[in-house]
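A closer look at the structure
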Amino acid sequence: MLGKAQETMDTYIDSPEKLKSLYKRVLIVVSLSQVFGGAGLAAGITVGALLAQQMLGTDAYAGVPSALFTLGSAGAAFIVGKLSQRYGRRIGLSTGFIVGGLGAIGVVIAAMMNSVILLFASLLIYGAGTATNLQARYAGTDLANSKQRATAISTTMVMTTFGAVAGPNLVGIMGEFAVSIGVPSLAGPFILSATAFILAGLVLFIMLRPDPLEIAKRIEAHKQKYEQKNKTESFNKAINKRGLTVGATVMVLTQIVMVAIMTMTPVHMKHHGHGLSEVGIVIGFHVGAMYLPSLVTGILVDKVGRTAMSIASGVTLLFAGLFAAFAPSDSMVLLIVALSLLGLGWNFGLISGTAQIVDSTEPSTRAKTQGKIDVLVALAGASGGALSGMVVANASYAILSLAGGLLSLLLIPVVIWSRKA
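Rules and cut-offs
- Residues numbered from 1 in each chain as written.
- Predicted model: local features only at pLDDT ≥ 70, side-chain atom pairs only at ≥ 80, totals over all residues.
- Heavy atoms only, no water.
- Helix = DSSP H or I, 4+ residues; strand = E, 2+ residues; numbered from the N terminus.
- Rg over C-alpha atoms; globule rule 2.2 N^0.38 Å.
- Buried < 20%, exposed > 50% of the residue type's maximum accessible area, 1.4 Å probe, protein only.
- Contact = heavy atoms within 4.5 Å.
- Areas by Shrake-Rupley, 256 points an atom, 1.4 Å probe, with all protein chains shown as cover.
- Lys, Arg positive; Asp, Glu negative; His and termini not counted.
- Charge placed at Lys NZ, Arg CZ, Asp CG, Glu CD.
- Salt bridge = Lys/Arg side-chain N within 4 Å of Asp/Glu carboxyl O.
- Polar contact = N/O pair within 3.5 Å; in protein donor to acceptor, adjacent residues only side chain to side chain.
- Core = buried A, V, L, I, M, F, W, Y, C linked by side-chain atoms within 4.5 Å.
- Axes fitted to C-alpha atoms, helices over the stretch in contact; angles between N-to-C directions.
- Left-handed = near helix turned anticlockwise from the far one by under 90°.
- Nonpolar A, V, L, I, M, F, W, Y, C, P; charged D, E, K, R; others polar.
- 1 Å grid on protein atoms, 1.4 Å probe; cavity = no way out; pocket = protein on both sides within 12 Å on 5 of 7 lines; lining within 4 Å.
- Points joined across faces, edges and corners; volume = space filled by probe spheres on them.
- Patch = residues over 30% accessible without salt bridge, like charges linked within 9 Å, V, L, I, M, F, W, Y side chains within 5 Å.

Right, let's get into the overall build of the chain. The helix and strand inventory of the chain stands at 18 helices and 0 strands. A globule of 421 residues ought to have a C-alpha radius of gyration of about 22 Å, and the chain, at 21 Å, matches this closely. Each principal axis of the C-alpha atoms in the chain carries an extent, and together these give about 65 × 50 × 30 Å. Across the 421 residues that make up the chain, the buried fraction comes to 57%. Here the analysis covers contacts within the chain between residues at least 6 apart in sequence; of these, 87% occur between residues at least 24 apart. For the chain, the accessible surface area stands at approximately 16800 Å², while carbon and sulfur atoms represent 67% of it. Across the chain, the centroid of the 30 positively charged side chains sits 7 Å from that of the 18 negatively charged ones.

Glancing now at the pattern of salt bridges. Summed over the entire model, instances satisfying the criterion amount to 7 salt bridges. Among the ionic pairs, E214 bridges to K217, the shortest N-O distance being 3.5 Å. Placement of the pair is E214 and K217 together in helix α9 (residues 212-226), with a separation of 3 residues, close to one helical turn. Judged by relative accessible area, which is 22%, E214 ranks as partly exposed. Among the ionic pairs, D302 bridges to R306, the shortest N-O distance being 3.1 Å. Grouping residues by exposure puts D302 and R306 together as buried. Residues participating in the shared-partner salt-bridge network are R149, D302, R306 and D359.

With that settled, consider the environment of R306. Mapped onto the fold, R306 is located in helix α14 (residues 306-326). Sequence spacing of R306 and A150 is 156 residues, and the spatial spacing of their C-alpha atoms is 9.0 Å. Among all residues touching R306, those that are not within four sequence positions of it are S146, R149, V301, S352, A355, Q356 and D359. There is a polar contact of 2.9 Å between the side chain of R306 and the side chain of D359.

Let's shift gears to unusual backbone geometry. Of note, the bond from R209 into P210 is cis; its omega dihedral lies within 30 degrees of zero at -10°. Tracing the chain through its elements places P210 in the loop between α8 (188-207) and α9. In this structure, N114 takes a positive phi of about 55° despite not being glycine. Position of N114 among the secondary structure elements: in the loop between α4 (89-113) and α5 (116-139).

The biggest cluster of nonpolar side chains holds 99 residues, and the ones touching the most others in it are L51, F190, Y291, L342 and W346. Setting aside residues up to four positions removed in sequence, F190 forms contacts with G44, V47, G48, L51, A104, V107, V108, L123 and Y126.

Right, let's talk about the packing of α5 against helix α16 (residues 366-394) for a bit. The description of two helices packed together rests on the angle between their axes and the distance between the axes. Packing of α5 against α16 leaves a shortest axis separation of 11 Å and a crossing angle of 145°. Considering only the axes of α5 and α16, their crossing is right-handed. Contacts from L134, Q135, R137 and Y138 of α5 reach α16 at Q370, G371 and D374. The residue makeup of the contact of α5 with α16, split by class, is 2 nonpolar, 3 polar and 2 charged.

Mapped onto the fold, L335 is located in helix α15 (residues 332-359). A C-alpha to C-alpha distance of 29 Å links L335 and V108, two positions 227 residues apart in sequence. Look past the residues within four positions of L335 in its chain and what remains in contact with it is H268, M269, H274, V282 and S329.

Moving on, we get to empty space enclosed by the protein. Counting across every chain of the model gives 2 cavities of 30 Å³ or more. Approximately 230 Å³ is the volume attributed to the largest cavity. Taken together, 21 residues line the largest cavity, and the ones lying closest to its centre are L41, T130, L134, Q255 and M258. Going through the elements one at a time, α2 (16-56), α3 (64-87), α5, α11 (241-271), α12 (276-291) and α16 are the ones with two or more residues in the lining of the largest cavity. When residues of the lining of the largest cavity are assigned to their parent elements, the largest contribution, 5 residues, is made by α3. Residue composition of the lining of the largest cavity, grouped by class: 14 nonpolar, 6 polar and 1 charged.

Attention now goes to a positive patch on the surface. Taken together, K82, R86, K368 and K372 make up a surface patch of like positive charges. Of all the secondary-structure elements, those providing two or more residues to the positive patch are α3 and α16. Inspection of the secondary structure puts K368 in helix α16. Accessibility expressed as a relative area gives 34% for K368, which makes it partly exposed.

On to the side chain of S294, then. Position of S294 relative to the elements: it lies in helix α13 (residues 294-303). Here S294 falls in the buried class, since its relative accessible area comes to 0%. A distance of 2.6 Å separates a polar atom in the side chain of S294 from the backbone oxygen of Y291. Excluding residues that lie within four positions of it along the chain, S294 makes contacts with S154, M157, V158, N347 and I351.

Right, here's the structure in full:
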């Protein structure tokens, strides 16, 4: 049985046509899972801060839910990376999504019981879905060549848009549905999250065969066996520390800025008379900007370069922070512009940073390394989410947004440093 499976995988080494066909199929399967994953992610982030505010009775800890599920995603990123490296993308990603769905169910139960402890514990577990939703972008790159990688990343991410935009806009409907079955309205979106994450996991578990990372490993082993290359060159190719450092830094900084401003926007809007549906619209535009431009962004990263798009990320996030800081609190239009720029800047940073990570790794160590870097990204988001509520409580939403915009400018010297090397 095992020998037959290995023989099947070897056919992709001998047939470029079959390998190309498998690459396209993997993109389709991962993209389908991302539709569900996006809905699960977006529905939760839209009301997480509001649910905590309602249960705790204060704004000071409204950023805690974002911090918790982002912290949970840090641990999950490491575990999913290890599972993927050992057992393949199929097992790693499907496990992560299903665990995230169980966490969302826990949030619903916590809201029904009005248990803050259960809420916090469930949000940690819910973070597994968030981590997996991000790590799924790597699966599309396993069989891509160097000129396809950013485009492959963006293809899977753009499909997330369908679920990610639908999630926030279903907040009102899910709230009404929740009330009709005796569940607090703010817990309604987590019912959607649970269903969506579990469906995403099942799609990957059933359909992601053969596993793209396992095929990539065999292709790498085949090349190492038959190609005559200098060992030092191979080592440098496998572990490009500078590329890993720059890619990780770009993603970490963009994650801190995006999560901090995004987390407190619903609370800011509620304080100035905006309803739940209006919050959903603003967050919907934000999440749409996070994912919808991906296909174009991927092409730009492959054509224009990782460096140029990393700088574009920092500049775009700066403008997002300025718009959010100085927009009149009653202006839906300017808030939409600010949050859309915030999502777009994050999109530029994530895709350019991810492409650099993939460029700097080989299949034999790729998933494990990617998981470790996503841990840093998740911890950065957790820090941004936790500090955002404290900054707003002690200063203002405008100060938070302005600080985030200025922080994003650190991307520029980092990229310049990488160019000088």
